[in-house]
Amino acid sequence: MKSIYHRLALRPAGVAVSLAVIVSHAIPARAGDQPLWVFNPLAWTVEAEQFQAGGPAGFAVRRDVPRCMQMTVEAEVRIERSVGPRWKVAGIAVFDDRENFWHLALVEAPDDEGAKRFIELSQMRAGQWLSHTNLHCSRRQMVRPWQPGQTYRLALSLDAKGIEGRVTDADGNVAGDVRFEFTAEAVAAGRPALRCEGFVATLDGIRVQCAEPLPDAPAEFPAYASDSFVAGVRGEATGFFRVEKQDGRWWAIDPLGRGCIVLGVDHVSYNGHWCQALNTHPYRDRNDAAYAGREPWAAETAERLKNWGFNMLGAGHGAEMVHRGLAHSQFVGVDAMAWSADDDLNITPHEGRPCSAFPNVFHPKFEDYCRYRVERRCRPWVGDPWLFGYYLDNELAWWGRGDVDTGLFDAAMAKPAGHSAKQALRDFLAERYEGEIERFRDAWGITIESFDAIVARDSLAGANAETVHTDKREFLRLIADRYFGILAREIRRADPDHLILGCRFAGGHVSDVVWETAAKHCDVVSINYYGNVDLDRMTALDHDHDAGGDPLAVPFEKFHALATGRPLLLTEWSFIGLDSGLPCTEGAGQRFHTQSERSQAAAVYAETLLRMPWMLGYNYFMWVDEPAEGITEAFPENSNYGLVNVDNQPYAKLTETFIRVHHDAERFRMEGLAGLPEPAPRRVPAWQDIVQSRLDSRKDKAADRRQLQFTSDDDGHLAANGRLTLRVRAGSPNLADEVLLDGNMLGHLHGLVHHVTSHTDRWARPERLQTVEGRVEEDWLILDMLGRSDVENLGSPMRSFTLKSRIVLPAGADWMIVEFVELTNTDDRPLDLRGVFFQPRSSLGGSGEGDRPASVGGVPRLWTSAPGDAWIDDRARLFWGAVAPRGSGVAVRFWLNPQGGQHPDI
């Protein structure tokens, strides 16, 4: 929408001007089912003709009145209280768009500026606040500051020559009177509007008179033109992007009817990331020093991206980047922060980080809010051929705080009795069992007196686990259908020409029913997925390469099937280099030691993605690195994701990689997965090879078999080889309560069993050592140890099992071998096994305080040529760690959580 400035001098002499007068007194909020005003329904409440605003309400704009060049807007405004420490306003407005408007308002300064109260008539023009200072002020009378709790009459009048505002108190006394003449460019047309920011206020008695209406100028967008297309793939030219399946492959079809491959980048913006610790945007600060403004930065950035073979702006780009030869995408955004302002607005609240929020789709205002967001976010792009489509949201907590199938049901149950989601849950179960509580009780194996009694409980479970799980899963389907269905309907009503791109699932960590429902309502299903690359074999995998993950195509083929055959778009993936100078301790993605390794991994991963026939392409995460100090306390990411660093210098090896990959993107698509090179053979050295290498290094040191000891007493067992000593106590949950080297404490060792019950991960420790047997063979002391975990309660999520392990101590060595031998399910229920852990916890020198992992900075997911790790204590000059043969299915990584807790994972 273009702003209309003062145009009196532009009219040809002698041309008659038609005058249409629109008069509306005591304006209601609706006419039948149609709202007359566009406003945030979470912040504005309308009863009869009275508007009540709370907190960050923003604008309420009259929908049914055309843009006019003559207007009078009146309202009675009463401010109840302030909300928050920042600038606060409440009043009336002539609103053209969010970057072009006048307001007449009661204003309160921030607390740190004295909370001064005053009245103002001010203009925002072309995004510049206080832009009225270049106009002649022909009248200004400010008599007294306004007072909370009192009612003031505000009147704002726009005419061909200027604009004026008048404020009177309840007795008719003038509190403020000001007029500006249009002696320079100004916002000279708009719609009637109300405004409130930072106040709880009431606006009543609203009256509007409008004249000289203007037709809305059709939006003007540059014609689509791009040399990023696949010449051999053609479809119907509709003037907009769409998707089509041809010869077994999904393609994006561009506005000119040509097949194209999505090659995008996320977060291309002048500002970069906010840094809470520095209270600024570090990347923006450097750009301010290096460029004359946003225009030259954006022009240079667009050319860089196109030269590197990218053709699209992914999520989070700045407005300055649009229409510079790159397609773009936009967020609708249910705005999880707004839906966390009140407990009834969410099923799980926003915690300042992705993957935490889920809106309450059963709230009575959810549908109105979706319509409001679509009006605000989609209307400006109607007709834009460069727009690829709309993302609904990013990384919502589809699993609540637990299981992917049942987590949101459980989260709704944890809400208070009057919560609308909890009441919807009760109604869902009552309808599912046709109002027959006996049927429900029998099906679930639960004791409950009525469906109404459900809302009095904090959780809901039953003895019949399969039925319980099925019903909870179907409630999730209802949630998904409301979320996707309402948003998709509103978007297609407002803008039927553009694609709906899903909501960027986090790592595929969502229920099958959510995938199915997303595919039912969306044109494309989007996912953020940070896989791995094994550089030894030059192959892309889903999980850690050390643990022998599946080929990357395996999970994506599954996602495609779950999405009932709809095309997929990977909307986040990245790799990190530790030579960037950033900590790289927070955030998703595999870490590599160097930019060279990082670039090799990106090449393998990108090629694999482009060969998948169900994938439209990808958006790489992201344009610029995160701040070294982290983003915020709640979201402390500090990693090297960028194509450029904070000084705007490209990572040359990575950008050269993308040039090569994008040059061959069409070939990769056409060849498909069959064209992937065969992975290099996996090297699988035996344990004996490691042992032999250590023995070979000790050839001149004959082992003294007499050092091997295994004794038992009332305190348990003692095993020793001359240097290492293990103390093992009967009934202990540890394989070794103490591990000592030459009398110095290293720590202790225990095992864990990773299994899944009710779709939730569990890590269970054997509760006690049942048996310990020791024997000497050659120069080896061998300990066979059987740990047992017994679970008597059938309702427990844990399982009963025995875990048999073996420890081998070579005579005189400062190392030992730990082996997993056997796991036995002793429960009468299945054991869904995912892995077995050994954990050497550190107490180097007698204390674990200050002990740190040997891996670089303790970073997660580090690809390394040595599959091992160790705890290091610089004061005690000791280390205590583990090494595993590559390709053995054993992965080793030690790390500390933010609270300093040890996680020595083997």
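Digging into the overall build of the protein chain
Counting its secondary structure elements, the protein chain contains 13 helices and 53 strands. Put simply, the protein chain has 906 residues, and 53% of those count as buried. Considering only contacts within the protein chain whose residues lie at least 6 apart along the sequence, 65% involve residues at least 24 apart. Of the roughly 38,400 Å² that the protein chain leaves accessible, carbon and sulfur atoms contribute 49%. Distance between charge centres in the protein chain, computed from 98 positive and 126 negative side chains, equals 3 Å.

Thoughts on the nonpolar core
Trp398 and Phe556 are the most contacted members of the largest nonpolar core, which has 128 residues in total. For this core, the element with the most residues is helix H7 (residues 465-494), which contributes 12 residues. In this structure, phenylalanine 556 is in contact with Ile527, Tyr529, Leu568, Leu570, Leu609, Met612, Trp614 and Met615, ignoring residues within four places of it in sequence. Core analysis: the next-biggest nonpolar cluster, separate from the first, contains 47 residues, Leu36, Cys68, Met71 and Ala90 among them.

Digging into the environment of glutamate 212
Note that glutamate 212 resides in strand S18 (residues 199-214). Sequence-wise, glutamate 212 and arginine 67 are 145 residues apart; in three dimensions their C-alpha atoms are separated by 8.5 Å. In terms of polar contacts, glutamate 212 uses its side chain to reach the side chain of glutamine 70, at 3.3 Å.

Remarks on the sheet that holds strand S24 (residues 312-313)
Pairing between the strands of a sheet comes from backbone hydrogen bonds, and it takes one of two forms, parallel or antiparallel. Judged by pairing direction, the sheet is parallel, and its nine strands sit side by side in the order S29-S28-S25-S24-S23-S37-S34-S31-S30 without closing on themselves. Taken across any chain shown, the strands that pair with only one partner, and hence form the sheet edges, are strand S29 (499-500) and strand S30 (505-506). Two elements, strand S23 (residues 262-265) and S24, share two bridges in a ladder whose sense is parallel. Looking at the pairing, glycine 264 lines up with methionine 312 of S24.

Things to note about the pattern of salt bridges
The full count for this structure, using the stated rule, is 60 salt bridges. Here glutamate 490 ties to arginine 371 by a salt bridge, and the two come within 3.5 Å at their closest N and O atoms. Placement of the pair is glutamate 490 in helix H7 and arginine 371 in helix H3 (residues 366-377), with a sequence separation of 119 residues. A relative accessible area of 3% places glutamate 490 in the buried class. A salt bridge links glutamate 671 to arginine 667; the shortest N-O distance between them is 3.4 Å. Residue glutamate 671 and its partner arginine 667 are both found in helix H12 (residues 665-671); the two are separated by four residues, about one turn of the helix. With a relative accessible area of 38%, glutamate 671 lands in the partly exposed category. Judged by relative accessible area, arginine 667 falls into the partly exposed class, the value being 40%. What emerges from the salt-bridge pattern is a single network uniting Arg139, Asp159, Glu164, Arg166, Asp177, Arg179 and Glu181.

Quick look at the packing of H7 against helix H8 (residues 512-521)
Where H7 contacts H8, the axes come no closer than 9 Å and their chain directions differ by 20°. When the interaxial angle is binned, H7 and H8 end up roughly parallel. Note on packing geometry: the crossing formed by H7 with H8 is right-handed. Contacts from Arg473, Leu476, Arg477, Ala480, Asp481, Phe484, Gly485, Ala488 and Arg492 in H7 reach Asp512, Val513, Val514, Glu516, Thr517, Ala518, Lys520 and His521 in H8. Considered class by class, the residues forming the contact of H7 with H8 number seven nonpolar, three polar and seven charged.

Concerning the pairing of strand S17 (residues 191-197)
Within S17, six of the seven residues are buried, which leaves it mostly tucked inside the rest of the structure. As judged from the four bridges shared by strand S7 (residues 58-62) and S17, these two strands associate in the antiparallel manner. Bridge pairing links alanine 60 to leucine 194 in S17. Direction of pairing for strand S9 (residues 88-97) relative to S17: antiparallel, over a ladder of seven bridges. For valine 89, the partnering residue across the bridge sits in S17 and is glutamate 197.

What to know about the packing of aromatic side chains
Enumeration over the complete set of coordinates arrives at 51 aromatic pairs. Between phenylalanine 101 and tryptophan 129, the ring centres sit 6.0 Å apart and the planes meet at 35°, which makes this aromatic pair tilted. With a gap of 28 residues between them, phenylalanine 101 in strand S10 (residues 100-108) and tryptophan 129 in strand S12 (residues 128-129) connect regions that are remote in the sequence. Among the residues examined, phenylalanine 101 registers a relative accessible area of 2% and is labelled buried. Ring plane angle 75° and centroid distance 5.7 Å describe the contact between phenylalanine 575 and phenylalanine 592, whose orientation is recorded as edge-to-face. With phenylalanine 575 in strand S35 (residues 575-577) and phenylalanine 592 in strand S36 (residues 590-592), this residue pair connects regions lying 17 residues apart in the sequence. Looking at phenylalanine 592, the relative accessible area reads 0%, which means it is buried. Put simply, the rings of Phe310, Trp573, Phe575, Phe592, Tyr605, Tyr618, Tyr620, Phe658 and Trp863 touch in pairs and so form one group of aromatic residues. Here arginine 598 stacks its cationic end above the ring of tyrosine 651, 5.3 Å away from the centre of that ring.

Let's talk about the packing of helix H5 (residues 420-432) against H7
Taken N-terminus to C-terminus, the directions of H5 and H7 make an angle of 120°; their axes are 11 Å apart at the nearest point. Classified by the interaxial angle, the pair formed by H5 and H7 is oblique. Remark: the crossing between H5 and H7 carries right-handed chirality. Each of Ala421, Ala424, Leu425, Phe428, Leu429 and Arg432 in H5 lies in contact with H7, whose residues at this interface are Thr470, Asp471, Glu474, Phe475 and Leu478. Here the residues of the contact of H5 with H7 sort into seven nonpolar, one polar and three charged.

As for the sheet that holds strand S47 (residues 817-825)
Judged by pairing direction, the sheet is antiparallel, and its four strands sit side by side in the order S44-S45-S46-S47 without closing on themselves. Either end of the sheet is taken by a strand with one partner, and the two such strands are strand S44 (768-777) and S47. Taken pair by pair, the neighbouring strands of this sheet meet at an average axis angle of 15°, ignoring direction.

The rules we used
- Position numbers for residues count from 1 along each chain, tracking the sequence in the order it is written.
- In view of the model being predicted, local features appear only for residues whose pLDDT reaches at least 70, and side-chain atom pairs are presented and counted only at 80 or more, with totals across whole chains, interfaces and linings using the full set of residues.
- Values reported for side chains reflect all heavy atoms of the structure, with hydrogen atoms and water molecules removed beforehand.
- Numbering of helices and strands runs from the N terminus; a helix is a DSSP stretch of H or I covering at least four residues, while a strand is a stretch of E covering at least two.
- Burial classes: relative accessible area under 20% of the type maximum marks a residue as buried, over 50% as exposed, and values in between as partly exposed (1.4 Å probe, protein chains only).
- The contact criterion used throughout is that any non-hydrogen atoms of two residues lie within 4.5 Å.
- Here the Shrake-Rupley method, with its probe set to 1.4 Å, supplies the accessible areas, and only the displayed protein chains count as covering residues.
- Only four residue types enter the charge count: Lys and Arg as positive, Asp and Glu as negative, with His and the chain ends excluded.
- Charge positions are represented by NZ for Lys, CZ for Arg, CG for Asp and CD for Glu.
- To define a nonpolar core, start from buried Ala, Val, Leu, Ile, Met, Phe, Trp, Tyr and Cys residues and group those joined through side-chain atoms within 4.5 Å.
- Distance and chemistry together define a polar contact, namely a pair of N or O atoms within 3.5 Å, with one atom able to donate a hydrogen and the other to accept it when in protein, and with adjacent residues in sequence counting only for side-chain atoms on both sides.
- Criterion used throughout: strands pair if DSSP finds at least two bridges between them.
- One speaks of a salt bridge when a side-chain nitrogen belonging to Lys or Arg is within 4 Å of a carboxyl oxygen belonging to Asp or Glu.
- An axis is simply a line fitted to the C-alpha atoms; with a helix, the fit covers only the stretch in contact. Between two such axes, the angle follows the N-to-C directions and lies from 0 to 180 degrees.
- Note on angle classes: values under 35 degrees are labelled roughly parallel, values over 145 roughly antiparallel, values of 65 to 115 roughly perpendicular, and the remainder oblique.
- Here a crossing is called left-handed whenever its near helix is offset anticlockwise from the far helix by less than a right angle, and right-handed whenever the offset is clockwise.
- Lys, Arg, Asp and Glu make up the charged group, whereas Ala, Val, Leu, Ile, Met, Phe, Trp, Tyr, Cys and Pro make up the nonpolar group; the residues left over, Gly among them, are polar.
- Here is the rule: rings of Phe, Tyr and Trp (six-membered ring for Trp) pair when centre to centre is within 6.5 Å. Planes less than 30 degrees apart are stacked, more than 60 are edge-to-face, and the remainder are tilted.
- Criterion for a charge above a ring: Lys NZ or Arg CZ within 6 Å of the ring centre, and within 35 degrees of the ring normal.

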